[in-house]
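Residues per chain, in single letters:
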Amino acid sequence: MQKIDRLRFLESSERTLGQAALQWLLADERVASTLPNIYEEAQLLEFAKAPECPPLTSDEMAKIAELYADNFGVEREEPKFKGTMELPAPAEAVAS
């Protein structure tokens with residue numbers, strides 16, 4: 001939530017944060033399309049209007065890049081999930 005709050009400068013009366021996010025994604029030449037999670041009709045309409053919103057400026061893009069490079073000014077935390085990505089230790093290593 002802290003990271004999202006730091007991006008609120010992208011919102012205006014003419015553009016929502018969701019619309020700005022879609023514009024940011026599509027500004028990358030490697031991205032051809034997006035598939036956002038849509039939970040209600042209002043979101044569908046909001047996202048469909050993203051191309052009609054004022055485009056992100058070069059200053060806004062630069063500010064986003066700065067925030068991203070600094071993890072949005074938020075202290076990094078260890079992932080909070082069950083399990084691990086590590087392989088289990090061999091049985092003989094556990095027995096000794």
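Residues numbered from 1 in each chain as written. Predicted model: local features only at pLDDT ≥ 70, side-chain atom pairs only at ≥ 80, totals over all residues. Heavy atoms only, no water.

### A word on the packing of aromatic side chains
Thinking step 1. Scanning the model with the defined rule gives one aromatic pair in all.
Thinking step 2. Aromatic pair Tyr68 and Phe72: ring centres 6.4 Å apart, planes at 90°, arrangement edge-to-face.
Thinking step 3. Its relative accessible area of 60% is what places Tyr68 among the exposed residues. (Phe/Tyr/Trp six-rings, centres within 6.5 Å; stacked < 30°, edge-to-face > 60°. Buried < 20%, exposed > 50% of the residue type's maximum accessible area, 1.4 Å probe, protein only.)

### Brief notes about helix H4 (residues 58-69)
One turn of the α-helix equals 3.6 residues, which is why residues spaced by three or four share an orientation.
Thinking step 1. In this model, H4 (12 residues) spans 16 Å end to end at C-alpha, consistent with the 16 Å of a helix rising 1.5 Å per residue.
Thinking step 2. Of the positions making up H4, those classed as buried are Glu60, Ile64 and Leu67. One side of H4 holds all its buried residues, which, seen down the axis, span an arc of 65°. Those residues of H4 that are exposed and aimed more than 90 degrees away from the buried face are Ser58, Asp59, Glu66 and Ala69.
Thinking step 3. Contacts made by the buried residues of H4 are with helix H1 (2-6) and helix H2 (17-27). (Helix = DSSP H or I, 4+ residues; strand = E, 2+ residues; numbered from the N terminus. Expected span 1.5 Å × (residues − 1). Arc of directions from axis to C-beta. Contact = heavy atoms within 4.5 Å.)

### Quick word on H2
Thinking step 1. Along H2, the positions that sit buried rather than exposed are Leu17, Gln19, Ala20, Leu22 and Gln23.
Thinking step 2. In this structure, the buried residues of H2 make contact with H1 and helix H3 (41-48).

### Quick look at the environment of Leu7
Thinking step 1. Looking at the element boundaries, Leu7 is found in the loop between H1 and H2.
Thinking step 2. Along the backbone, Leu7 and Glu60 are 53 residues apart, and their C-alpha atoms lie at a distance of 9.7 Å.
Thinking step 3. Apart from residues lying up to four places away in sequence, Leu7 is in contact with Leu17, Ile64, Leu67 and Phe72.

### Concerning a nonpolar patch on the surface
Thinking step 1. Taken together, Trp24, Leu25 and Leu26 make up a surface patch of nonpolar side chains, about 260 Å² in accessible area.
Thinking step 2. Structurally, Trp24 is set in helix H2.
Thinking step 3. Residue classification places Trp24 among the partly exposed positions, given a relative accessible area of 39%. (Patch = residues over 30% accessible without salt bridge, like charges linked within 9 Å, V, L, I, M, F, W, Y side chains within 5 Å. Areas by Shrake-Rupley, 256 points an atom, 1.4 Å probe, with all protein chains shown as cover. Salt bridge = Lys/Arg side-chain N within 4 Å of Asp/Glu carboxyl O.)

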